[in-house]
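# An overview of the molecular structure
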Amino acid sequence: MKFQFQHPYTIAKAYEKPVAYFCMEFAIHQPLKTYAGGLGYLGGSHMRSAYELKQNMVGIGILWNYGYYDQVRKQDQSMYVLFQEKVYGFLQKTDIKFTIQISGHDVWVTAYYLAPEIFKTAPVFFLSTDLPENDYLGKTISHHLYDSNPETTIAAAILLGYGGARLLEELNWLPEIYHLNESHALPLAFYLYEKYKSVEAVKKRLVFTNHTPEPGGNRVSDIYLLQKFGFFNNIPLPELRNITGIQEDQFNHTLVALRLAGLANGVSNLHLQTLRGMWKGAEGICKMISITNAQSFTYWADFKMYQVVSNEDDAALEKLKKHRKCRLFEEVAEQAGEIYKEDVFTIVFAKRFVGYKRAELLLTNMERFHQLVSNEKMPVQIIWAGKPHPMDYSGIASFDKIVHLCKTYTNCAILTGYELKLSRILKQGADLWLNVPRIGHEASGTSGMSAAMNGAVNLSIPDGWFPEFVRDKENGFVIPPADPSLPEHIQDEKDANTLYDLLEKEILPMYYQNKTRWQAIVKSSMNSILPQFDSNRMAIEYYEKLYGGAE
């Protein structure tokens, strides 16, 4: 029987406009390994809020056979990248099959369906080319998220953008708005141009969200290579140059998305300023607005802790936090062989291991680091976790450096397998959630939001979302950043010294000597994260500001 699709829940009147949400990764729940980092966490929370609000939305992603990768350890405890095949019995394999053109060859595509009742999300379809009808190269397009081979990356973009649009045709579910959540699915724009024959018609239907100012997230490709692969849906090159405004041979994906979308957004107020600075003077780009990222309160929050806070029972709050620490410390003991103590101040740094996030900032001055971790009067325990890209040898070297450092200190540990499950355990067990990006590089960041929902206090550089939330020393702590015009190593030295001073002179004395004030900050953080940083607010704003505002 042919797969039939109707939107499976009753749509709320305020959200009747049908929207297709194209995203390369979704972090929905631990068993579904279709994500690498923050973009996926954001996509997963968005799908959960769309379900809660009963929005008329369908997610389109790719079913990665090997996920991103499994982070495991070598014999010496250093990091090893394992690609292990994933099997998902809870996804419905549809009988839908169609072909798309990649590099002049037909590639067969099928789709798997994640029904809303499985994880309480909007319906999500995952595309796959791992079919017997395809040759080896065709099959491998959907094998690895963010494959390091640039040609496979181009093929994956065609699969998501053009293949996703073709899937919606097969389903006979035609959206009014197509949302590019990052530029990965940009071939969708050329599908729409071919279908409607005008840029104006594309702009009426296409919206775009940019998630990073970093070069790695704003791809530039050789235009002839893209044309060879069919990225432009066989639009002749002179016509393509005319509609995109790209006259040179280097094709800027973000710039073209901004030119072909009717409306675009950054993911925090600061990020919007950065975007406007980046594209100042660029001709033909659409209007840009800000919709700050958020995380699903329903999914992430420690509801028992919120109940204790509402009862104004500080003793019960302290007891519950110690209980949450026990679960985290079991993981530390399992992975690192260290026994952590519930009454010791616990600092967590957990996020993608990429240069600008500065996982090693605490290690900038080893004399001061040793002083911090050797303080017997105000002891600390530090935990790192996070995944570098499997081919980012600098990120892997940073992880491994910390691995070997932790062998020297019994109160330092680094954990592998930073995915949704471990992320929750870390946030529940942390006293302090550390976020130290180099200023100006963080578009939003979201881990601190869900950390606050679990009683962890944020200590952060004032970048991304954080300035919209923090009241310094009331609901979190701000690290005043060094001048961004300084050389990076000087910035790092200055920021590290400020960080040491804050910990030693303010935060640790408060935790150990003024527990009432510390708990007041914990409670203020938990309460003030709502409603602004719950993804329900964000999902509402997307409908009101982005989906209703395209040209």
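Everything here concerns the structure above.
Description of the structure in this document. On a predicted model such as this, the values are computed, not experimentally measured, just so you know.

## As for helix α10 (residues 269-278)
Taken together, the buried positions of α10 are H271, L272 and L275. The buried residues of α10 occupy one face: seen down the axis, they fall within an arc of 105 degrees. Buried-residue contacts for α10 involve β12 (263-266) and β13 (287-290).

## Considering the sheet that holds strand β15 (residues 380-385)
The parallel open sheet is built from six strands, whose spatial order is β16-β15-β14-β17-β18-β19. Of all the strands in the sheet, just β16 (412-415) and β19 (477-478) have a single pairing partner and so form its edges. Where strand β17 (residues 432-435) and strand β18 (residues 457-460) come together, four bridges link them in parallel fashion. In the strand pairing of β18, W433 is matched with N458. Against the sheet, helix α14 (residues 366-373) contacts β15 and β16, and its axis sits at roughly 120 degrees relative to β15.

## Thoughts on the nonpolar core
Counting 147 residues, the largest nonpolar core has F190, F369 and W384 as the members making the most contacts within it. At twelve residues, helix α4 (residues 150-171) tops the list of elements feeding residues into this core. When sequence neighbours within four positions are dropped, the list of residues in contact with W384 reads F349, A359, L362, L363, F369, I402, L405, C406, C412, A413, I414 and L415. Counting residues in hydrophobic clusters, the runner-up holds 38 residues, among them A50, Y51, Y542 and Y543.

## Examining the packing of α4 against helix α5 (residues 187-196)
Running from amino to carboxyl end, α4 crosses α5 at an angle of 45 degrees, the nearest separation of the two axes being 7 Å. Relative to α5, the element α4 is oriented oblique. Note on element contacts: α5 touches α4 through P187, L188, Y191 and K195, opposite A157, I158, G161, Y162, A165 and E169. Residue classes in the contact of α4 with α5 are distributed as seven nonpolar, one polar and two charged.

Rules behind the numbers
Residues numbered from 1 in each chain as written. Predicted model: local features only at pLDDT ≥ 70, side-chain atom pairs only at ≥ 80, totals over all residues. Heavy atoms only, no water. Buried < 20%, exposed > 50% of the residue type's maximum accessible area, 1.4 Å probe, protein only. Helix = DSSP H or I, 4+ residues; strand = E, 2+ residues; numbered from the N terminus. Arc of directions from axis to C-beta. Contact = heavy atoms within 4.5 Å. Pairing = 2+ DSSP bridges. Axes fitted to C-alpha atoms, helices over the stretch in contact; angles between N-to-C directions. Core = buried A, V, L, I, M, F, W, Y, C linked by side-chain atoms within 4.5 Å. Parallel < 35°, antiparallel > 145°, perpendicular 65-115°, else oblique. Nonpolar A, V, L, I, M, F, W, Y, C, P; charged D, E, K, R; others polar.

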